[in-house]
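# Structural overview
Chain by chain, the residues:
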Amino acid sequence: MTRPPARRRDRHGRGLRGPLVPPGVPLSRSRAEQFDDLVLDAVEDIERRWERELAGVEFAVEDVPWVDHSSPDDVVLDADVLDDGSVPLARVLPGRREGGVEHAPRIIVYRRPLEIRAHDPEDLADLVRDVVVDQVAVLLGRDPEEIDPAG
C-alpha cells in the first residue's frame, strides 16, 4: 500500500515566505556583486583612456588567492602579484601561448583581502581603483600615475 505524498507547509500555515527586499533594490545585491561592480567601474574608467592597449585583456575577481600548499617551501610571490604584508591583493597573468592555444592577459583582483583592508564602502572603492590601476600599469609597463593621472 502506498502512502499519499506528504503535504509540505511552513510551520505556522501562512504559506511560503517571499523575498525580504524586492529585486532591483540595492539591498538585494550581495557584497560579492557590489564588489564586482566596483571593479567593473574602475575597469571601465581606465579602458576609456587605454582602450587599444587593453583590448583582449580579461579582468576577473576571485574571493581569495589560491595557494598551492603541496610545496613544502615558503610561498614566494612573483613580481606580478600586488601584495600587502605578503597577502596578495591582485595578480597579473601575462598573455601566453600554451600547446598552440593563445591565452589572453588577465588581471585578477582578490575580493576578501581588499574588503578586510577597507574601513568603509568609499574606502573600498578607492582601494579597488588603486589596485586595478597598479595592475594595469604592471601589465602595460607604465607608471600608475600615467595610467590614472587623477588617482
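What counts and what doesn't
Residues numbered from 1 in each chain as written. Predicted model: local features only at pLDDT ≥ 70, side-chain atom pairs only at ≥ 80, totals over all residues. Heavy atoms only, no water. Patch = residues over 30% accessible without salt bridge, like charges linked within 9 Å, V, L, I, M, F, W, Y side chains within 5 Å. Areas by Shrake-Rupley, 256 points an atom, 1.4 Å probe, with all protein chains shown as cover. Salt bridge = Lys/Arg side-chain N within 4 Å of Asp/Glu carboxyl O. Lys, Arg positive; Asp, Glu negative; His and termini not counted. Charge placed at Lys NZ, Arg CZ, Asp CG, Glu CD. Helix = DSSP H or I, 4+ residues; strand = E, 2+ residues; numbered from the N terminus. Buried < 20%, exposed > 50% of the residue type's maximum accessible area, 1.4 Å probe, protein only. Contact = heavy atoms within 4.5 Å. Axes fitted to C-alpha atoms, helices over the stretch in contact; angles between N-to-C directions. Parallel < 35°, antiparallel > 145°, perpendicular 65-115°, else oblique. Left-handed = near helix turned anticlockwise from the far one by under 90°. Core = buried A, V, L, I, M, F, W, Y, C linked by side-chain atoms within 4.5 Å.

In the annotation of an unreviewed UniProt entry, the entry for the protein reads Metallopeptidase family protein, and the organism field reads Klenkia sesuvii.

### Let's talk about a negative patch on the surface
Among the surface-exposed residues, Asp120, Glu122, Asp126 and Asp130 lie close enough to one another that they form a single negatively charged patch. Relative to the helices and strands, Asp126 resides in helix 3 (residues 121-140). Accessibility expressed as a relative area gives 44% for Asp126, which makes it partly exposed.

### Some thoughts on the environment of Val57
Tracing the backbone through its elements, the reader meets Val57 in the loop between helix 1 (31-49) and strand 1 (58-62). Linking Val57 and Leu139, residues 82 residues apart in sequence, is a C-alpha distance of 9.4 Å. When near neighbours in sequence (up to four residues on either side) are disregarded, Val57 contacts Pro105, Ile107 and Leu139.

### Section: the packing of helix 1 against helix 3
Relative orientation of the contacting elements helix 1 and helix 3 amounts to 50°, with a least axis distance of 9 Å. Between helix 1 and helix 3, the angle falls in the class oblique. As for how helix 1 packs across helix 3, the hand of that crossing is right-handed. Residue-level contacts link Phe35, Leu38, Val39, Ala42, Val43, Asp45 and Ile46 of helix 1 to Leu124, Ala125, Val128, Arg129, Val132, Val133 and Val136 of helix 3.

### A short note on the nonpolar core
Counting 23 residues, the largest nonpolar core has Phe35, Ile46, Leu114, Val128, Val132, Val136 and Ile147 as its most contacted members. Broken down by secondary-structure element, the contributors of at least two residues to this core are helix 1, strand 3 (87-93), strand 6 (106-110) and helix 3.

### Remarks on the pattern of salt bridges
A side chain of one charge can pair with a side chain of the opposite charge when the charged atoms of the two come close. In the structure shown here, the tally under the stated rule is ten salt bridges. Among the ionic pairs, Arg106 bridges to Glu58, the shortest N-O distance being 3.5 Å. Within this pair, whereas Arg106 is found in strand 6, its partner Glu58 is found in strand 1, the two being separated by 48 residues in sequence. Residue classification places Arg106 among the partly exposed residues on the basis of a relative accessible area of 31%. The residue Asp148 makes a salt bridge to Arg129 at a minimum N-O spacing of 3.2 Å. With a gap of 19 residues between them, Asp148 in the segment after helix 4 (144-147) and Arg129 in helix 3 connect regions that are remote in the sequence. For Arg129, a relative accessible area of 23% puts it in the partly exposed group. Three or more residues are tied together by salt bridges with common partners; here these are Asp45, Arg48, Arg129 and Asp148.

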